[in-house]
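Now for the letters of each chain:
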Amino acid sequence: MKDEESGNQLGSYLRARRELVSPAQAGLPPGGNRRVPGLRREEVALLAGISADYYLRLERGRDKNPSPQVLESLARVLRLDDVERTYLLGLAAARPRAPRRKRPEHVPARVRQLLAHLQIPAFVEGRAFDVLASNPMAVALSPRLRPGQNRLRSLLLDPEEQAFHQDWAQASADFIATLRTTIGDDTGNPRFVELVGELALSSQRFRTLWARHDVRDLDGGTTTVHHPVVGELRLHRDKLPVDDVILVVYYPDKDSDSDEKLRLLAALSPTEPTEPTESAEPTEPTRGRRPPDTSGSPDGGRDQAGGHDHDAGPASGH
């Protein structure tokens, strides 16, 4: 992440994305003796209708003010979707910002009251996937949804959380890409720096996917999880912004098999305390202690979770 740390996010993103586009995808002959993955710089420049020297200046951070027309051409050549294109335009428009003081993420009192009344799994998360508050049904669904936990850390480092997700490979790819989207140009945020640094040391899968510079919006969706007591659950998920935090709810189709299982889970779970617990700051990991890498493989621990990584399929939402 050297370019990002030195302020060259645009160049870092362009380089990462061109490495993911094959000559065949760009309509070019493969050629021989290719020493770089994906497209060469001069090939991107040619296809985008700009000079190779100008593109080189963009990648190396010597020109940080490309026109919207140039960026649109690069987005086309790099085969960016709408979210990725918006992210690219945002990087070019970003301006250096003064360091901001870290402000604890706060759960409004009205949201804590709402959590206490909801009979479906619901919790509040911060921008870095820190769980700030949750209701008893959320904890019954997954103990990793207790306040103080971090959802991305659990997904990458906790074998039980990996086994919980039917499509762990897609879930981890979605979460990592969403984190990059959320960070945007706020690379100096202490919580983001801490989390990215921790996971870069602890998870090979994080390092691999982070280097791709994928970006994604992870809002509503449907996911399938494997609960150790009630079995497979197919749940919808919605994310509702409230002030500076996000309220996340999971719910099944009415009168479905998953609806019946969720009611059974509610009956088996303690209803106390009725007030959701809250944590203003994540409590894990202990500062100064590197968490263990449960991976033992490039897939960040999936084999230990009882499954095997596979190519990412269509986004399922998590």
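Now for a description of the structure that goes with this document. (Residues numbered from 1 in each chain as written. Predicted model: local features only at pLDDT ≥ 70, side-chain atom pairs only at ≥ 80, totals over all residues. Heavy atoms only, no water.)

**Notes on the nonpolar core**
Counting residues in hydrophobic clusters, the biggest one holds 24 residues, and the most contacted among them are Tyr13, Leu14, Val44, Ile50, Tyr55, Leu74 and Leu88. Going through the elements one at a time, helix H2 (9-18), helix H3 (41-48), helix H4 (52-59), helix H5 (68-77) and helix H6 (82-93) are the ones with two or more residues in this core. The leading source of residues in this core is H5, at 5 residues. In this structure Val44 touches Arg18, Leu39, Tyr55, Leu74, Val77 and Leu78, once residues within four positions along its chain are discounted. (Core = buried A, V, L, I, M, F, W, Y, C linked by side-chain atoms within 4.5 Å. Buried < 20%, exposed > 50% of the residue type's maximum accessible area, 1.4 Å probe, protein only. Helix = DSSP H or I, 4+ residues; strand = E, 2+ residues; numbered from the N terminus. Contact = heavy atoms within 4.5 Å.)

**Observations concerning the pattern of salt bridges**
By the definition in use, this model includes 21 salt bridges. Notably, a salt bridge pairs Asp243 with Arg110, separated by 3.6 Å at the nearest N-O pair. Within this pair, whereas Asp243 is found in the loop between strand S4 (231-242) and strand S5 (245-251), its partner Arg110 is found in helix H7 (residues 109-117), the two being separated by 133 residues in sequence. Under the relative-accessibility criterion, Asp243 is labelled exposed at 56%. A salt bridge links Glu198 to Arg153, with the nearest nitrogen and oxygen atoms 2.7 Å apart. Linking Glu198 in helix H12 (residues 190-202) with Arg153 in helix H9 (residues 151-157), this pair joins segments that are 45 residues apart in sequence. (Salt bridge = Lys/Arg side-chain N within 4 Å of Asp/Glu carboxyl O.)

**Remarks on the pairing of strand S2 (residues 131-134)**
The side chains of a regular strand alternate, first on one face of the sheet and then on the other. The pairing of strand S1 (residues 122-125) with S2 spans 3 bridges and is classified as antiparallel. Counterpart to Val124 in the pairing with S2 is Ala133. Counted along the chain from S1 to the antiparallel partner S2, the turn is 5 residues long, and its residue Phe129 has a positive phi close to 70°. (Pairing = 2+ DSSP bridges.)

**Section: unusual backbone geometry**
Peptide bonds are trans in most cases, and residues, glycine excluded, mostly fall at negative phi. Within the chain, Asp243 stands out as a residue other than glycine whose phi angle is a positive 55°. Notably, Asp255 is not glycine yet its phi reads approximately 65°, a positive angle. Mapped onto the fold, Asp255 is located in the loop between S5 and helix H14 (257-268).

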